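Residue-level listing of the chains:
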Amino acid sequence: MELLFGSNTLITKKMSQTVPLIVRLLASSVSVANRAGKIVRDIMSKGELGIIEKGKDDYQTEADRSAQRCIISSLSAQFPKIKIIGEEDGNENQTSDEYLVLDADKDILSLECPDGLKEVKEEDVVVWVDPLDGTAEYTQGFLEHVTVLIGISVNEKPIAGVIHQPYFKTIVGNESKMGRTIWGLKDAGVGGFTPGSPPESLILTTTRSHSNPLVENALQVMKATQILRVGGAGYKVLQLLEGKASIYVFASPGCKKWDTCAPEAILTAAGGKLTDILGSSYKYGATVSKPNKSGVLAAVNDELHTYAINRIPQELKDKLSA
Ligand SMILES: Nc1ncnc2c1ncn2[C@@H]1O[C@H](COP(=O)(O)OS(=O)(=O)O)[C@@H](OP(=O)(O)O)[C@H]1O
Ligand SMILES: [Mg+2]
Ligand SMILES: [Mg+2]
Ligand SMILES: [Mg+2]
């Protein structure tokens, strides 16, 4: 019976008897994010983006829809009791065999699960999926900013995640490989990239396509030497992880739980911190409200996070507190 499934599934089935749920879920998330990234590239190559305007400055493309279908159908087939929440409406029940990925990344499967996460059950987990973060940038050709985000929360806290960058190019010898997958697991570490030390002077990263006067006010008070304006919460946190910026400031509603769950989990596993602009943590349980109403403030370490919180004027904090 098992032979019908192919060798990777067979390995996954054997592993399922010994490897803790969280490690298996992260390993499957890495594999499915790679496939979702290929879908994102293929749809761009075909040139039929199928753009829908969901709201003001808020777009959805065929890549957002198909990548979400791939991720949700693949993870729910393997972890049927886990609650999975995706950004794009109308996809949850559209399972597609074409996109079914049942592999699990072997390197992740061999990670040592932290003691506190060994007993986690499917019922304790909520997965937040942003199939394509940086949709505005995807449609405008800023392809390096685009990421696929899969965030894993346990008892409302983000504890593991994947940021896949479909358009990251690696040259190995004469061959170039597209895409890389960054992962993090609380108390275990991060991987898939080379961590960088924070820049010597204060460099901020913020939105490229969703600015407003509140956002600009919070940037000015930081006294930074440089402000990088890039797309996507995933890409901005990647800039922190790689030492290209040290604080991510977005003093506005607009971001949602699927934007921050995976980036927060990975940043925390790397020693950083992500909160709202008042310094309070967001919760990621199944019934929380989706918008991150009080903005985003993330930093590479606690010291810089405290610096940034202290510089935000009280008036601005009052405006963004719900
Ligand atoms: N004002 C507003 N309206 C609608 N959607 C918004 C808004 N601000 C941020 N976002 C969503 O947050 C994701 C990251 O966007 P940005 O890089 O522009 O901003 S930021 O991370 O919030 O700084 C990005 O997610 P994706 O939709 O997945 O691309 C944005 O759509
Ligand atoms: Mg969107
Ligand atoms: Mg997003
Ligand atoms: Mg999105």
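Criteria and thresholds
- Residues numbered from 1 in each chain as written.
- Chains lettered and ligands numbered in written order.
- Predicted model: local features only at pLDDT ≥ 70, side-chain atom pairs only at ≥ 80, totals over all residues.
- Heavy atoms only, no water.
- Near = heavy atom within 4 Å.
- Polar contact = N/O pair within 3.5 Å; in protein donor to acceptor, adjacent residues only side chain to side chain.
- Areas by Shrake-Rupley, 256 points an atom, 1.4 Å probe, with all protein chains shown as cover.
- 1 Å grid on protein atoms, 1.4 Å probe; cavity = no way out; pocket = protein on both sides within 12 Å on 5 of 7 lines; lining within 4 Å.
- Sits in = over half its atoms within 2 Å of the grid points.
- Core = buried A, V, L, I, M, F, W, Y, C linked by side-chain atoms within 4.5 Å.
- Buried < 20%, exposed > 50% of the residue type's maximum accessible area, 1.4 Å probe, protein only.
- Helix = DSSP H or I, 4+ residues; strand = E, 2+ residues; numbered from the N terminus.
- Contact = heavy atoms within 4.5 Å.
- Donors = N, O, S within 2.8 Å, 3.2 Å for Na, K, Ca; no water.
- UniProt positions renumbered as here; feature names shortened; annotations may be inferred.
- Domains from an automatic or database assignment.
- Buried area = accessible area lost by both parts, 1.4 Å probe.
- Salt bridge = Lys/Arg side-chain N within 4 Å of Asp/Glu carboxyl O.
- Lys, Arg positive; Asp, Glu negative; His and termini not counted.
- Pairing = 2+ DSSP bridges.

Draft legend 1. Structural detail: the site of ligand 1. Taken together, 20 residues sit near ligand 1, with Thr207, His210, Gly232, Lys236 and Tyr248 positioned nearest. With respect to ligand 1, the side chain of histidine 210 contributes an N or O atom lying 2.4 Å from an oxygen atom. Between an oxygen atom of ligand 1 and a side-chain N or O atom of lysine 236, the distance comes to 2.5 Å. Contact with the protein chains covers 90% of the free accessible surface of ligand 1, which is 590 Å². Here ligand 1 occupies the largest pocket.

Draft legend 2. Representation of the nonpolar core within the structure. Core analysis: the largest hydrophobic core is formed by 48 residues, its most contacted members being Ile22, Val40, Leu75, Val125, Val127, Tyr138 and Ile152. Looking at this core, the elements with two or more residues in it are α2 (21-46), α3 (62-78), α4 (106-109), β4 (125-133), β5 (147-154), β6 (157-172) and β7 (175-185). Top element by residues in this core is α2. It accounts for 13 residues. Residues contacting valine 125, with those up to four places away along its chain left out, are Leu21, Ile22, Leu25, Ile82, Lys83, Val120, Ile152, Ser153 and Val154. If you look at the next biggest cluster of nonpolar residues, it comprises 42 residues, including Val237, Leu240, Phe250 and Ala251.

Draft legend 3. Looking closely at the coordination of the magnesium ion (ligand 3). On the protein side, the magnesium ion (ligand 3) has Asp130 (OD), Asp133 (OD) and Asp259 (OD) as donor atoms, found 1.8 to 2.1 Å from it. Of note, the donors binding the magnesium ion (ligand 3) are all from one chain and are spaced D-x2-D-x125-D.

Draft legend 4. Here's a closer look at the environment of aspartate 318. Within the fold, aspartate 318 resides in helix α10 (residues 314-320). Residues aspartate 318 and glycine 55 lie 263 residues apart in sequence; the distance between their C-alpha atoms is 26 Å.

Draft legend 5. A look at the UniProt feature "binding site: Mg(2+)" (unreviewed entry) in the protein chain. In this numbering, the UniProt entry assigns the feature "binding site: Mg(2+)" (unreviewed entry) to Glu87, Asp130, Leu132, Asp133 and Asp259. Over a stretch of 173 residues, the named residues converge on one spot in the fold, their C-alpha atoms separated by at most 9.6 Å. Set against the largest pocket, the annotated residues that line it come down to Glu87, Asp130, Leu132, Asp133 and Asp259. As for its placement among the helices and strands, glutamate 87 is situated in the loop between β3 (83-86) and α4. Glutamate 87 gets classed as buried once you look at its relative accessible area, which sits at 14%.

Draft legend 6. Region of interest: the domain arrangement of the protein chain. Here the protein chain is partitioned into domain 1 (13-191) and domain 2 (203-321). Residue-level contacts link 39 residues of domain 1 with 30 residues of domain 2. Buried area between domain 1 and domain 2, summed over both chains or domains, comes out near 2,700 Å², and the portion from carbon and sulfur atoms is 66%. The interface formed by domain 1 and domain 2 includes two salt bridges. One salt bridge connects arginine 208 with glutamate 137, and the closest N-O pair in it is separated by 3.1 Å. The interface formed by domain 1 and domain 2 contains 12 residue pairs in polar contact (both at pLDDT 80 or more). Taken together, the elements giving at least two residues each to the side of domain 1 that touches domain 2 come down to β3, β4, α5 (135-140), β5, β6, β7 and β8 (189-191). For the side of domain 1 that touches domain 2, the element with the highest residue contribution is β6, accounting for seven residues.

Draft legend 7. How the structure looks around the side chain of aspartate 276. Secondary-structure assignment places aspartate 276 in the loop between β12 (273-275) and β13 (296-299). One buried charge, aspartate 276, has no salt-bridge partner; the nearest side chain with opposite charge is lysine 317, at 8.8 Å. A polar contact of 2.9 Å, which involves the side chain of aspartate 276, links it to the backbone nitrogen of glycine 279. A distance of 2.9 Å separates the side chain of aspartate 276 from the backbone nitrogen of serine 280, its partner in a polar contact.

Draft legend 8. Seen up close, the pairing of β4. Burial analysis of β4 places nine of its nine residues in the buried class, the great majority of the element. Two elements, β3 and β4, share four bridges in a ladder whose sense is parallel. Residue pairing for β4: isoleucine 84 is matched across the bridge by valine 127. Where β4 lies against β5, seven bridges are found, and the strand directions are antiparallel. Bridging across to β5, valine 125 finds its partner in valine 154.

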